[in-house]
Every structure is written in structure tokens, then in C-alpha cells.
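# Results of the structural survey
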Amino acid sequence: MWGRNGSFFRFCNLYFRGQQAEARQQQAIADGDEAIDNAWNYVVFVAFVVISALIPIRKRLCRRSSNSKSKQDYVFGAGHISTLAMMLSIARGTLGVISVLGYPSEFFYRGSALWESLYGVVTAYPIVCFVFIPVYFNLGITSVYQYLELRFNSRIVRCLASGTYILRTLLSLGVTIYTPTVALNTIIGVPYWASLLCITVISIFFNALGGLKAAVAADVIQSLSMTAMLVAILIYCTVTVGGVDKIWTISSENDRFAFFNFAADLHLRVTTTSAWLGELFNSLSLLGCQQNFVQRYLSMPTLRQIRRTLLLNIPIVILLFSLPWLVGMAIYAIYWHCDPLKASVIEKMDQILPYFIVDRFARVPGVWGIFVGTLFNGALTLNISNINSLATVTWEDFLSLIPGWRKKSERHQLTVIKLVGTCYAVIIMGVGFIVGLLSGVIESSMLIISATSGPLLGVFILAMFVPFANWKGAAMGMIASHLSILWIVIGRLIDASVSDELLDTSIEGCYADLMMAEKNSSSDGLLAIALEEGVNVVDASDLLTRIYSISYMYYGVFGTVLTVLSGMVISLATWSSQDEYNMKMLHPAVRWLYARCPFNGKHFGSFEVSTSLSVPPNETVSK
């Protein structure tokens, strides 16, 4: 009975085989359910991207042969864009894909200090509204950098500014379109190259059939979908944690709030002062001196409508800017006792939001499909919108100089602009591949992009507010500022003593199997702490180290000041009668003050400004 062939043994054998069969059956059922859930997510993802891409160009597809699009319609939307749509499109620039993934992780691991950069964004809007727009509006320009040529009578200054914008935008878009590929690869398993290629193909198709009006429509869809997604995450976290007050208490008790820090130390990563000043100068350069935003302003029919749109946009900007931070606060309330990064569940800080979606909604059909679709569509719409502006600037500031091209028909010009946009889409895809292949390129690119804000803003300040500024001072000021800031950026990247410290996190609430990962990485953690302690001690005698360790939030401020000061000095030293210009190029307030100045129309030092010179908008002198 108890032998190998006994009934008891046979009973046990059959029992365990039955248990294994039942386990396999349950696993098969679970795999089947997971496959069904994934199928729903794939369907939702594809449907979301296709519908959001086709809606803005549906009219163009339906009337392809009967209504050919003009160059004016492609560039400015022919004045048929509603005020609300334009508001959402302009505000969309403050809520990119990088901010959606970056701000929640910033709050989780570094606190709320960078949240105060909102002060700079809000301050920039009325300044752009009443300082920059009145100068541009009555000139009838297509490219904002055409204004610099009219003011300085120089193609050199115009090309320097246009080249700065093109380089910054290409780098920024390369990082932008690479960002959602990380989520696509992590959650769905789509190869990086497939995501980049898909974004590029759709961008080219959109660029050929769309134009500014389609880009604005895509921005509206993206703004609404991304806002809905973030609000849904906030509602879920609030219900899960137990209320808004609970979320606030958890963040407060764990030192996540760092508001109103007015420390004067330039080497602190972010303070209230650096956040406000740095973002103010960066936003002025972005909103007031960059083609894709000015192109939207000038598409509106009246100056009053532009001002109303910008001022009414401030509450929308506050909401869209703050939503990712509130999401970061809510996610921290979920994981404050079990940090996925410290527990080695994720590899990078920016993966905290995708991990939350997978962790909490993996079994809810379509949720992560909408999330990934929103990120994908966000990168896509930004790419499309900026390709339109890049192609316009390239035509107006470079290609139109080719003999005979300016006299071509409008249809021929539009074809060239679309071909240029296609070339830029391919270049941006190449930058995206480089970002994926090289380590640390994202941070390097963001630093270089922020470093270009100062020279661009500085040359526009020289043009609008310094009557004696000439093309030599403007050009040399931009070059000096570019080289100086680039030197600091490279030194910061090379110097190993410059680093950012993360706030403390806990894994006390993690599962037992995750605790083993912390034990295995304890030595690495001690090494990181030791390195951070060594990093925070800056040798006062090492001047270069102190320069390199200056917060990158001040790069835009230093670049602007350096451009203006060096431009003024060089202009005073090199002014000649050939540098006279039309006083209408100055800001109206500066013209008013200059008309009442005792030196009006007379020599002052080595320069003379005359109001008698008239430079027609289409007849500029090139140097």
C-alpha cells in the first residue's frame, strides 16, 4: 500500500499533477486576460494618435483639389484661427512632453523649488504684450528676425539670430521626440527607431497638408487631452490617499516644499530669485524673440486681440504649468514610503510617472494606451508646430537671398518651404537617434539650449531700446555672449565637481523582495553619499570651479547682460554715419523719450541718430 506503486503514492501523484495543471490553467487565463488588456491598449493608442492627427487636416483632405493653400495661409493661418484656439496653442508651449515627465520627478526627488519658475513665466507675458508686440505688429514682417535686419541694416545680425533659433529648436525637438520613445519602449516594447520613424513620417505628412492652422488645432487637442490625463491622475491619487489635505501633509512632513528661498548664493541649484529671474529671461527670449510664438501673434488681425489673448492666457498658463507639479505631489503621497528608484524598480527619475501608470492601471483596459498616446502626440504636435516655423525662417532669412528665388511665384515658394520642413523633420529624427545613443546628451542639450536664450534676447533689447546700437555691436555682442556661455556650459559638463543632490527617500514600506535590492546597492548608495558630500564642498581658491558651478538658471541672465553691455561698448566705439536707421524701428516709448531729449538729432559722443532716414520694409541694406 505504501510502496511506490501503492494507491497512496498514486493519489499524491495525481493530486500534485492536478495542482500543477490548475496553476498552469490559471496562468493561461491570466496571460489571456493580459493579452486582451494589451490589445485594448494598443487599439486605444493607435486610435488616439490617428484621430488627433487627422482632425486638424480633415478639411484639407476633403477639399484637396478645390482650395489650394497659399503661402500666407500656410504661415499665418489667413486670420481664421479663433482666439481660444490661439490661447491654448500659445499656452501649449509651457506644457511640453519633457515637463509632463520631468516636473513630477523633480518634485519627488528634489522638491518644489523649481515650481517657482512660474513667477518668471507669468511676469514675461505682460512684458511681451506691451514691449515686444507693438514693435513687430506694424512692420508687416514674416520672420521675426527680419526686424533685426530692418533695425541694423545688416543681414549678418539677422542670420546670427536665425541660426541661433534654428540650432536651439533642432536640439530641443531632438530631445522632445526622443522622450516618448522611452515610455513606448518601456511600456509597450516598441523599438526606439520605430517610434522616431513614425513621428517623423506623420510630421512630414502633417507639414505637407497642414500649416499654422493645422498646427494650432493639433496644439488644442494635445492641451485638452494632456490636461484631462493629469486631472484624472490627481483624482485617483486623492481618493487613494484619502484627501487633498493628506497629500499636502505627506509632502510637508517630508520636506518637499521649498518656497521663498531668497539666498544670494549663485551656486545653489534653484532658489526663488534664480527661478524667477532665470525663467523670466528665458521666457522673454522664447515668447518675445522666437519665430513660432511671434508667428502666432502676427496671425491675429488686431493689436488689441493679441494683447487680450496674451493677458487672458495667464490663468491658463498657471493651470497648465502647475498641473504636473500637483501630479508629482500626488504620486509622492503614493510612493513616499517606497521609492521605486531607490528600490531599483526603475532606472531613472523621469520614469516615475510611467511606472505609476503601469503599476496602478496595468489591468484597466486602455489606460496606459491613452497615457502613451498622449506623450507620443505631445511630441508629435510640438515637432509639427516648430517645423512650420523653422521652414518659414529658413526661407525668409536664407533661401530668399538666392538670386531669382524671391521673384518666384507664391506657389513655388510654398513648395520650397514644405520641402525644407521635410528636411528638418529628417534632421530632427537624426538628433533623436543621437540622443538615444549617447549618454548624458539630454542634460547637455538642455544646457546648451538654455544658454542660447541670453544672446537672442540681448540683441532684441539692443535693437528696441538702445538708439546708438549698430550692427557691429549687435553681432559682436551675440558672438561674445555665445562663446562665454558655451565655455561655462562645457566646463560644467566636464568638471566632475558639479552635481545635483537628491532629497532623501524611503523604502521602508516596500515589499520584502524589493528590500534585497537596497541591500545589494547599499555600498553604491554610501559611495554616492560620499561623492555628494565631497561635491558640495567648493574650493574657494579655484575660480574656474566656482564659475562652472554657477546655477544654470542664471545663464540666460548673464547672456543677456553680456550681449547688451558688449554691444553698447562696441557700438559707441564704431558708430558712423552709415549706421543711421529709421527711428520707427525703436520701441514707441524710446522714440517718445528721444524726441524730448536735448541731444535729439545731434552728435552725442561718436554717434548720431536721425529720424530722416526711411528704410522701406522690403528694401534693406545688407552687410
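To start, this report covers the structure provided alongside it.

Rules of the game
- The numbers attached to residues start from 1 for each chain and follow its sequence in the written order.
- Whole-chain, interface and lining totals are the exception, using all residues; otherwise, since this is a predicted model, local features are given only for residues with pLDDT of at least 70 and side-chain atom pairs are given and counted only at 80 or more.
- With hydrogens and water stripped out, all remaining heavy atoms of the structure feed into the side-chain values.
- Strands here mean DSSP runs of E at least two residues long; helices mean DSSP runs of H or I at least four residues long; both are numbered from the N terminus.
- Each residue is placed in one exposure class: buried if its accessible area under a 1.4 Å probe, protein chains only, is under 20% of its type's maximum, exposed if it is over 50%, and partly exposed if it falls in between.
- Working rule for contacts: check all heavy atoms of both residues, and any pair within 4.5 Å makes them a contact.
- Every accessible area reported is derived by Shrake-Rupley at a probe size of 1.4 Å, with residue values counting cover from the shown protein chains alone.
- With axes taken as lines fitted to C-alpha atoms, and helix axes fitted only over the stretch in contact, angles between N-to-C directions fall between 0 and 180 degrees.
- Roughly parallel covers angles under 35 degrees, roughly antiparallel covers those over 145, roughly perpendicular covers 65 to 115, and oblique covers all other angles.
- When residue character is reported, Ala, Val, Leu, Ile, Met, Phe, Trp, Tyr, Cys and Pro are called nonpolar, Asp, Glu, Lys and Arg charged, and the others, Gly included, polar.
- Grouping buried Ala, Val, Leu, Ile, Met, Phe, Trp, Tyr and Cys residues that are joined through side-chain atoms within 4.5 Å yields what is termed a nonpolar core.
- What a helix should span is 1.5 Å times the count of its residues minus one.
- Any Phe, Tyr or Trp ring, taking Trp's six-membered ring, that has another such ring centre within 6.5 Å forms a pair; planes under 30 degrees apart are called stacked, those over 60 apart edge-to-face, and the others tilted.
- Throughout this description, the term charge over a ring refers to an Arg CZ or Lys NZ atom that lies within 6 Å of the ring centre and within 35 degrees of the ring normal.

### Quick look at the overall build of the chain
Scanning the chain from terminus to terminus reveals 25 helices and zero strands. In the chain, buried positions account for 51% of the 623 residues. Look at the contacts in the chain between residues 6 or more apart in sequence, and 85% of them connect residues 24 or more apart. On the chain, roughly 28100 Å² of surface is accessible, and the fraction owed to carbon and sulfur atoms is 65%.

### Thoughts on the packing of helix α11 (residues 244-253) against helix α14 (residues 303-335)
The packing of two helices is summarised by the inter-axis angle and the distance between the axes. Packing of α11 against α14 brings their axes to within 9 Å, and their N-to-C directions diverge by 80°. When the interaxial angle is binned, α11 and α14 end up roughly perpendicular. Touching Ile 247, Trp 248, Ile 250 and Ser 251 of α11 are Met 329, Ala 330, Tyr 332 and Ala 333, all from α14. Class assignment of the residues belonging to the contact of α11 with α14 gives a composition of seven nonpolar, one polar and no charged.

### Brief notes about the packing of helix α5 (residues 97-110) against helix α16 (residues 367-397)
Interhelical geometry of α5 versus α16 gives an angle of 130° and a closest axis separation of 8 Å. Here α5 lies oblique to α16, going by the angle between them. Contacts between α5 and α16 pair Val 97, Val 100 and Leu 101 from the former with Phe 371, Leu 375, Gly 378, Ala 379 and Leu 382 from the latter. Looking at the contact of α5 with α16, its residues break down into seven nonpolar, one polar and no charged.

### So, the nonpolar core
Formed by 133 residues in total, the largest nonpolar core has its most connected members in Tyr 136, Tyr 147, Leu 148, Phe 152, Phe 356 and Phe 460. Top element by residues in this core is α14. It accounts for 15 residues. Apart from residues lying up to four places away in sequence, Phe 460 is in contact with Phe 132, Tyr 136, Val 144, Tyr 145, Tyr 147, Leu 148 and Cys 289. Counting residues in hydrophobic clusters, the runner-up holds six residues, among them Trp 575, Tyr 581, Met 583 and Tyr 594.

### Examining α5
End to end, α5 covers 19 Å across 14 residues, agreeing with the expected 20 Å (1.5 Å per residue, within 8%). Summarising burial for α5: 13 of the 14 residues are buried, a large majority.

### Details of the packing of aromatic side chains
Scanning the model with the defined rule gives 24 aromatic pairs in all. With 5.1 Å between their ring centres and 75° between their planes, Phe 108 and Tyr 332 make a pair best called edge-to-face. Residue Phe 108 is located in helix α5, and its partner Tyr 332 is located in helix α14; the two are separated by 224 residues in the primary sequence. Between Trp 248 and Phe 257, the ring centres sit 4.4 Å apart and the planes meet at 35°, which makes this aromatic pair tilted. Given the relative accessible area of 48%, Trp 248 is considered partly exposed. By relative accessible area, which is 21% here, Phe 257 ends up partly exposed. Among the aromatic side chains, those forming a connected cluster through ring pairs are Tyr 103, Phe 107, Trp 115, Trp 248, Phe 257, Phe 259, Phe 260, Phe 321 and Trp 325. Geometry around Tyr 581 places Arg 151 over its ring, the cationic atom sitting 3.8 Å from the centre.

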